[in-house]
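Spelled out from the first residue to the last, the chains are:
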Amino acid sequence: MIDVYSWATPNGHKIHIMLEELGLAYRAHAVDIGAGDQFKPDFLSISPNNKIPAIVDADGPDGKPISLFESGAILVYLAGKSGKFLGNTDREKFNTLQWLMFQMGGVGPMLGQTHHFRIYAPEKIEYAINRYSNEAKRLYGVIDKQLSQHPYLAGNEYTIADIATFPWIRSWKNQGIELSDYPHLQAWFNTISERPAVKRGVEVLASQRKALTDDKARDILFGSQQYQRR
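Quick caveat: nothing in here was measured; it's all calculated off a predicted structure. (Residues numbered from 1 in each chain as written. Predicted model: local features only at pLDDT ≥ 70, side-chain atom pairs only at ≥ 80, totals over all residues. Heavy atoms only, no water.)

**Quick word on the packing of aromatic side chains**
Reasoning step 1: Under the definition given, this model contains six aromatic pairs.
Reasoning step 2: The residue whose ring lies beneath arginine 131 is tyrosine 132, and the NZ or CZ to ring-centre distance is 5.6 Å.
Reasoning step 3: A cation over an aromatic ring shows up here: arginine 195 above the ring of tyrosine 158, its NZ or CZ 3.7 Å from the ring centre. (Phe/Tyr/Trp six-rings, centres within 6.5 Å; stacked < 30°, edge-to-face > 60°. Lys NZ or Arg CZ within 6 Å of the ring centre and 35° of its normal.)

What follows is the structure, given as structure tokens:
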């Protein structure tokens, strides 16, 4: 049994989708990031960066429990544990990993900043909105070009690179994107959206997430609490 400590966000959805794709037994534990659950000592003991998701696998590599944080690391771990969605040859594995790192270092952080300045920032700063919206469009262009040459990000097979990237594309409207401007990406997005495991994965904990409307939740997510040493 794998215990998943998570929330219904793009990074959380990555792991929910992966576990559904693999058919592994898991329990999802809600970490309400708007209520500050990510700062509780029990969660910090497995996720010292106070970010979701994190997992505890009772059956680790040596037969003993292992805890992991960072969604990319968790995806690599689960792919290694199952022998799926990473590739079979060294060449395939490294190709998958480079597109996973592209998501972790580019797509996630940059689209996250796009969301923040377009949707959540209390002050609408034109420079920031333009900077991150333009970067979002650039990244979409990179993905669209890759998908014009291959059906999936790492080539001909569906991998953890696709699983990691897909949840961030679901919020394309909030990023100021018109999906039809990227036809190859749009076709890829539509294909992945129809996978039964993906449909199940994006529903995990989704009913518990609420719209960000109160000042307390905003302070927890974006204010001084984020920067306290723990």
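Next comes the rest of the write-up.
**Brief notes about the UniProt feature "domain: GST N-terminal" (unreviewed entry) in the protein chain**
Reasoning step 1: In this structure's numbering, the residues bearing the UniProt feature "domain: GST N-terminal" (unreviewed entry) are residues 1–86.
Reasoning step 2: Overall, residues 1–86 shows 34% helix and 21% strand. The separation of its end C-alpha atoms is 22 Å. (UniProt positions renumbered as here; feature names shortened; annotations may be inferred. Helix = DSSP H or I, 4+ residues; strand = E, 2+ residues; numbered from the N terminus.)

**Remarks on the pairing of strand E1 (residues 2–6)**
Reasoning step 1: When you tally the buried positions in E1, you get four out of five residues, the bulk of the element.
Reasoning step 2: In this structure, E1 lies alongside strand E2 (residues 26–30), joined through five bridges in parallel fashion. Residue pairing across strands places valine 4 opposite alanine 28, the latter belonging to E2.
Reasoning step 3: When E1 meets strand E3 (residues 54–57), the two strands line up antiparallel, connected through four bridges. (Buried < 20%, exposed > 50% of the residue type's maximum accessible area, 1.4 Å probe, protein only. Pairing = 2+ DSSP bridges.)

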